[in-house]
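# Chains, contacts and geometry: an overview
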Amino acid sequence: MKGEIAYVVADLEGSTGAWTKAHTLLGTPEWQEARVELTRDINAVADVLFEKGVRGVVVKDFHRTGYNLIPKYLDRRVRLVSGYYAGPAIGYGKLYGADFALFVGLHAAGGNGSGFLSHTLTSRIAEIVVNGKRLGEAELFATVLSSFNVPVCFFSGCPAACQEVLEKMDWLVAYEIAKDPEIYKDERKRQEYIRRKRQGLIEKVKEVSHPEKRPLFFMKPPFDCQVIFNQETEARRMNPWGFPQEGRIVRFQTEEFLELYQNLLKIAYFPKLAYYLRSVVLPLTRFGWKIQSLKHL
Ligand SMILES: [Zn+2]
């Protein structure tokens, strides 16, 4: 790890401070608490990485609009990347020379009933099935990073999310952060739990392996993909793209991972015009999102 650049993907659902759906919704009082704790989680992770000798830590804020981490509370040594980018790495933008990646605070895939706030890309989608298997975000994000030669070696999130990701990438160092509503109700217990889990996160990051033990993960083409929406009306609204559709299921086939990912992003997030103008639209939204997140500080 000495002299390397670590790339941390930070999501909110699986972090120490997100206990209810409200914690994940921008602008709520619960979200304010959750983003403070998320920033502390990331500082803890960055600190141990620097202790292990990394040359730099890049953090990509990956929840919702990508403006959750609080820059003024963030470790000064960390390079923060907020908002979304069309490229070079789809969604991430520049990777700043990253040598390996850590997924911190992720959630389980849509359709995984045991997970905490499980979803894939958006909660409008009930489940995405690729080649007969449920798809989670970690597989998509890891494949994008792998295509830039950045292996993922760490994952934290709810127990179901950890279990799910270990089935696909059994070499990952994983750390479970369960959310017990009973603990949430008791402020003192909750604070104590958050402290304990953050300490555990630190200890677990210390176990991250040497470079030779970090395989790259790729989803294997060809892909037969079914996007199953919660409601047929949503499926119709999100599919101006003309992908074959039956009831609440939108289906497509492709030979290429990039096409799979782009199609999924189109179906999950983009009206047609915004997608084609995304290199213009994304910088504008980044500006808007930034203002919005500052307003809440
Ligand atoms: Zn999220």
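Residues numbered from 1 in each chain as written. Predicted model: local features only at pLDDT ≥ 70, side-chain atom pairs only at ≥ 80, totals over all residues. Heavy atoms only, no water.

Helices and strands together make up the secondary structure of the protein, namely 9 helices and 11 strands. Over its C-alpha trace the protein gives a radius of gyration of 18 Å, about what one expects of a compact globule, namely 19 Å for 297 residues. Each of the three principal axes of the protein carries a C-alpha extent, and together these read 50 × 45 × 35 Å. When the 297 residues of the protein are sorted by exposure, 55% land in the buried category. Summarising the internal contacts of the protein: among those between residues at least 6 apart in sequence, 69% fall at separations of at least 24. (Helix = DSSP H or I, 4+ residues; strand = E, 2+ residues; numbered from the N terminus. Rg over C-alpha atoms; globule rule 2.2 N^0.38 Å. Buried < 20%, exposed > 50% of the residue type's maximum accessible area, 1.4 Å probe, protein only. Contact = heavy atoms within 4.5 Å.)

Once the domains are mapped, the protein shows domain 1 (5–122 + 134–217 + 276–295) and domain 2 (223–274). The interface is formed by 12 residues belonging to domain 1 together with 13 residues belonging to domain 2. Ranking the residues of domain 1 by area buried against domain 2 places I90, L121 and Y276 at the top, with a combined share of 45%. If you look at where domain 1 meets domain 2, you find 0 salt bridges. At the junction of domain 1 and domain 2, the tally comes to 1 residue pair in polar contact (both at pLDDT 80 or more). Secondary structure elements with two or more residues in the side of domain 1 that touches domain 2: α2 (137–146) and α9 (278–295). The leading source of residues in the side of domain 1 that touches domain 2 is α2, at 4 residues. (Domains from an automatic or database assignment. Buried area = accessible area lost by both parts, 1.4 Å probe. Salt bridge = Lys/Arg side-chain N within 4 Å of Asp/Glu carboxyl O. Polar contact = N/O pair within 3.5 Å; in protein donor to acceptor, adjacent residues only side chain to side chain.)

With that out of the way, let us pick up the nonpolar core. Among the nonpolar cores identified, the biggest contains 61 residues, and Y92, F103, L140, V227, L260 and L264 are the most heavily contacted of them. When residues of this core are assigned to their parent elements, the largest contribution, 7 residues, is made by helix α7 (residues 257–269). Structurally, this core is a two-domain feature, drawing no fewer than three residues from each of domain 1 (5–122 + 134–217 + 276–295) and domain 2 (223–274). Setting aside anything within four residues of it in sequence, one finds F103 in contact with V9, Y92, A138, F141, A142, L145, V152, F154, F155 and S156. (Core = buried A, V, L, I, M, F, W, Y, C linked by side-chain atoms within 4.5 Å.)

As a further point, take the state of the cysteines. Following the criterion strictly, the structure yields 0 disulfides and no others. Between C153, a free cysteine, and C162, which holds the nearest cysteine sulfur, the sulfur-to-sulfur gap is 14 Å. By relative accessible area, which is 2% here, C153 ends up buried. (Disulfide = S-S within 2.5 Å.)

Next up on the list: the coordination of the zinc ion. Summarising the metal site, the zinc ion is bound by the protein donors D11 (OD), E13 (OE), E13 (OE) and H63 (ND1), whose distances to it range over 2.1 to 2.7 Å. Angles of 52 to 139 degrees at the metal separate the 4 donor atoms of the zinc ion, which places the site in the irregular class. The exposure class of E13 is buried, given its relative accessible area of 5%. (Donors = N, O, S within 2.8 Å, 3.2 Å for Na, K, Ca; no water. Tetrahedral: all angles 85-135°; square planar, octahedral: opposite > 155°, others 65-115°.)

So, on to the sheet that holds strand β8 (residues 173–176). As summarised here, the arrangement of the 6 strands in space is β3-β2-β1-β4-β7-β8, forming an open sheet in which the pairing is parallel. Of all strands in the sheet, those bounded by a partner on one side alone are β3 (78–81) and β8. Averaged over all neighbouring strand pairs, the angle between strand axes comes to 15 degrees, with direction disregarded. In terms of strand pairing, strand β2 (residues 56–61) meets β3 through 4 bridges, oriented parallel. Along β3, the bridge assignment pairs V59 with L80. Here helix α1 (residues 29–51) sits on the sheet and contacts β1 (5–10), β2, β3 and β4 (100–106); the angle it forms with β1, its principal contact strand, is near 160 degrees. The sheet contacts of α2 involve β1, β4 and β7 (152–157), and relative to β4 the element is tilted by about 160 degrees. (Pairing = 2+ DSSP bridges. Axes fitted to C-alpha atoms, helices over the stretch in contact; angles between N-to-C directions.)

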